[in-house]
Every structure is written in structure tokens, then in C-alpha cells.
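Chain and residue survey
Next come the chains, spelled out residue by residue.
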Amino acid sequence: MPAVDSVLIQGGGVGGLTLAAALAQRGVQVDVVEAVGSDAVLGVGLNQPSNVLAALDEIGVRQACIDAGFPFEELLLWSPASEQVAAIPPPAGLYGTPSNNAISRPLYNGILREAAERAGARIRTGATVWELTEDDAGVEVELATWTGKRTAPRRDGGADRRRYDLVVGFDGVRSRIREHLFGDRYVPVPTGFAVWRVVMPRPADVTHIVMALSGDVKAVLTPTSRTEMYIALVSPEPGNPRYERADFARLVRERMTSFSGLIGQLRDGITDEQYVSYAPLESLMVREPWFRGRVAIAGDAAHTSPPHLAQGAAMAVEDAVVLAASLDEHTSLPDALDAWYLRRRDRAAFVADMSLALLRQETGSELTPADLELLQMGIPGAQARLAAQSY
Ligand SMILES: Cc1cc2nc3c(=O)[nH]c(=O)nc-3n(C[C@H](O)[C@H](O)[C@H](O)COP(=O)(O)OP(=O)(O)OC[C@H]3O[C@@H](n4cnc5c(N)ncnc54)[C@H](O)[C@@H]3O)c2cc1C
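Residues numbered from 1 in each chain as written. Predicted model: local features only at pLDDT ≥ 70, side-chain atom pairs only at ≥ 80, totals over all residues. Heavy atoms only, no water.

With omega at 0°, the peptide bond leading from Thr97 into Pro98 counts as cis. One can find Pro98 in the loop between strand S6 (84-88) and strand S7 (100-104). With a phi close to 70°, Ser82 is a non-glycine residue in the positive phi region. Residue placement: Ser82 occurs in the loop between strand S5 (75-78) and S6. Owing to a relative accessible area of 14%, Ser82 belongs among the buried residues under this scheme. The backbone phi angle of Asn240 is positive, close to 55°, even though this residue is not glycine. Along the polypeptide, Asn240 turns up in the loop between strand S17 (228-236) and helix H6 (248-255). We classify Asn240 as partly exposed; its relative accessible area is 29%. (Helix = DSSP H or I, 4+ residues; strand = E, 2+ residues; numbered from the N terminus. Buried < 20%, exposed > 50% of the residue type's maximum accessible area, 1.4 Å probe, protein only.)

Given below as C-alpha cells:
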């Protein structure tokens, strides 16, 4: 690979593992440091639209994802009483079928991790970057032990120092690498809404992603395998409150009282808080180059949005395969990073801006003139645009 021989990736989530696989398959020496480990990755599921399936094909895992997931075509809209009111057909475009494949997140991470390790990437869990020192020829990195959000990183006394040609922060919305590059210029902004997710057995009638809106609460049913599905419930949570886990099941049921029919039956079955997770929805968009010198950020670290287009992880995977290709195509690192950023920024910003506009529209929040312009195309128009553009 002309532009780099060695790369350190901070973050072994969807984006970091894809980049690790894509670079290692090209012969680059790749180390990944992941604080928590794949077992702790938001253990629910997500949708893979056809554009991300094409990007995953570049590292050879498209079919493994389809085999482990639940492929389908259109998205369905149901009334709060669980009657179908519309179907959004998949857009025609560059990426073929299936148009969607929903998959459990731990399975997805496992597939990516195996691809990265098979290609030779070294993945170290319970670790993070302590210090980065950059010079003209490389980045000197000192690692620290870190096993979770609630504990502080522990310096290993310089025991683990290595040099790399490039460091990439795929370390999520609270990225430390972004902080290293930009200080506190970019911080995640709470939207005032949160998502509750509940994993449960899949009833035979849930064969597509189903969206049902009742007032300012949206329920989304996602089948992730023949046997499993999850409900994601987007609800207003002003002031970003914290709740006790013991109350999770009751709080979800209370927020779903206006649903009936199948969705009502599913709600009544939510009794065990261990299957419920809660996350505030945040947004963040770095609107300047995602790199300086030999340090870059990508995925949620550079652009995070509410999940209203189900494209956040897709953008992280696209960032990763385009970065690997750009490092391959250019002999100079600055040229490679520049070309990569210019190729990615507008598509990622479109997903972030459109997702936020959809959240505001669905929840009756105040819309900006830019929101109104984007909303003219609706979800079908946004999907068509993403499917028509090459990533
Ligand atoms: C409710 C919800 C539903 C969603 N549904 C979809 C969907 O259907 N389709 C879709 O495409 N996207 C979806 N998304 C978006 C998607 O989850 C994210 O965009 C995606 O996970 C971003 O991938 P990433 O690799 O950039 O970051 P992450 O997945 O957040 O991974 C970051 C990794 O870095 C690690 N890390 C963090 N800090 C450090 C550190 N200092 N040192 C070492 N390691 C660190 C973390 O432990 C983590 O493993 C959804 C998001 C939400 C909230």
C-alpha cells in the first residue's frame, strides 16, 4: 500500500473493524485498540441497507451478513392499531437486492472481527490510546489499559509504545481522538429524544421493518433473524434524564400505551428489564476535514445522527472502505486523506442533516428552513438519493 505501512485504529466497532479488515487485506500492518470489547457493543441489532451490503462485499462479508440476518425489501408503515397504511418500496439504484438486511449487532461484530483477524489485524481489547506524539515520519503512540466507561484509563508506564504511519479514531460519538484533534469544538448535542430497545421473539407477522407513529412516539419493529426481532421506541425525554434499570420495562410500557393490535400485544409482553436498553439520541457533525497530519477520525466520531434513515453504521463502513481504497491509490498520505474526506463529507452530512430533520418532523419540533427543504424529498427521496450515488 503506497501511502501507509502501519495503522493504529482506536475503536473496534463496526467502522473500526471494517477498516482493519480492508487495510490488512491489502498487506498493511494493523493494530486495533478497543476499550470495551465486542461483547459489550450495543447488543441489539441494526439494518444494513443495500449500499452498506455493497461496501461489505469489498471485504468479503456480504453473504455472511445476509446468512446471519433477515433480508427484506420494502419498509412498512402501520397505524398505532397495527394496521398497514403504506409501504415504502425500495429505491432502484446502484446496489441491487436485498435492499435491506437486518442483523443482530453481536453477530455483525463477530463477522467483522473474524474478517479483520483472518486478514492479519491484531485486535487488543481493554486498551486505549494514552498519548499521541506526531513527527514528520510517523506517530508515536503510548497505550493504556481501559476496560470501560465507568473507570479511568490506567497508564502502563510507557511499557507499550509503538510507531505508526497513521492513527484513525473510529471511537464513536465520544471520541477521544476527535478531542485530540479539535478540543471541545465538537461535542454531541442531545436531541431531547431517546430510544428504548427491546429484544424479543419474532412473531410470524413481522417480516419487514415496520414503523408506527402515535403522537410524538414512534415504534419501529425490526426482524433480525427467523427467531428474533427488536422494538425501538423513540420517545421525547427532555432534559436527558437518567433512569434506573429496574424501571426500564415499566417505562417502555407506559410510553407505548396508545398502541394496540400486535404492537400492543408485544408491549404487554415487555416485563423483563434485562432485555431493554435505553440511549439518548445525539447529533454531531464535524464540518471541516476529519484529519490533521497523521491522525484522522471517521464514523460516529466524525458524524452521528438519530437513526431515522438507518444509515449511521452504513456511513461508518463506507468511510472505512473508501479510506482503505484512497490510501491504496495515493502515494502521499496528505493526498490520500484529502481525497477520502472530499469523497465522504457531503454524503455523511446529508445522512446526518436528513436524519435530524426527520426526527424534528416526526416529533412536531420546530423546523429550520434547511429542514423544510430536505423534507420535501421524504424518506423515499432520501433513500433514492443514497442508492443512486456511489459511496
Ligand atoms: C437506536 C439506534 C439505532 C441504529 N440503527 C442503525 C441502523 O439500523 N443502521 C445503521 O446503519 N446504523 C444505525 N445506527 C447507527 C450506528 O449504531 C452507528 O452509526 C455506528 O455504530 C457507528 O459505528 P462506529 O464504528 O463509528 O462507532 P461505534 O459503533 O460506536 O464503535 C466505537 C467503538 O469504539 C470503542 N471506543 C470508544 N472510545 C474508545 C477509546 N477511548 N478507546 C478505545 N476504544 C474506544 C467503543 O467501545 C466501540 O466499540 C443506530 C444507532 C442507534 C443509536
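Don't stop here, the text continues.
Moving on: the pattern of salt bridges. All chains considered together, the criterion is met by 23 salt bridges. Residue Asp353 pairs with Arg287 through a salt bridge whose shortest N-O separation is 2.7 Å. Of this pair, Asp353 sits in helix H9 (residues 333-362) while Arg287 is found in the loop between strand S18 (276-285) and strand S19 (291-292), placing the two residues 66 residues apart along the sequence. Where Arg344 meets Asp319, a salt bridge forms, and the shortest distance between an N and an O atom there is 2.7 Å. (Salt bridge = Lys/Arg side-chain N within 4 Å of Asp/Glu carboxyl O.)

The next point concerns the side chain of Asp171. The topology assignment puts Asp171 in the loop between strand S13 (166-169) and helix H5 (176-182). Buried within the structure, Asp171 lacks any salt-bridge partner; Arg178 is the closest side chain of opposite charge, at an N-O distance of 6.8 Å. Separated by 2.6 Å, the side chains of Asp171 and Ser175 make a polar contact. Of note is the side chain of Asp171, whose polar atom sits 3.2 Å from the backbone nitrogen of Ile177. Excluding its chain neighbours within four sequence positions, the residues that come into contact with Asp171 are Gln10, Gly11, Arg176, Ile177 and Ala301. (Lys, Arg positive; Asp, Glu negative; His and termini not counted. Polar contact = N/O pair within 3.5 Å; in protein donor to acceptor, adjacent residues only side chain to side chain. Contact = heavy atoms within 4.5 Å.)

The three strands are arranged S3-S7-S4 in an open sheet whose pairing can be described as antiparallel. Only two strands of the sheet have a single neighbouring strand rather than two, namely strand S3 (45-49) and strand S4 (70-72). Taken pair by pair, the neighbouring strands of this sheet meet at an average axis angle of 20°, ignoring direction. For S4 and S7, the ladder comprises three bridges, and the chain directions are antiparallel. Note that in S7 the partner of Phe72 across the bridge is Asn100. Along the sheet face, helix H4 (residues 105-118) touches S3 and S7 and points at about 95° away from the line of S7. (Pairing = 2+ DSSP bridges. Axes fitted to C-alpha atoms, helices over the stretch in contact; angles between N-to-C directions.)

Our next topic: the side chain of Asp165. Secondary-structure assignment places Asp165 in the loop between strand S12 (161-164) and S13. Salt bridges are absent for the buried Asp165, whose nearest opposite-charge side chain, Arg294, sits at 4.4 Å. In terms of polar contacts, Asp165 uses its side chain to reach the backbone amide nitrogen of Asp5, at 2.5 Å. Setting aside residues no more than four positions away along its own chain, Asp165 makes contact with Val4, Asp5, Ser6, Ala137, Val139, Arg294 and Leu333.

Spatial relationships are all this shows, so hold off on functional conclusions.
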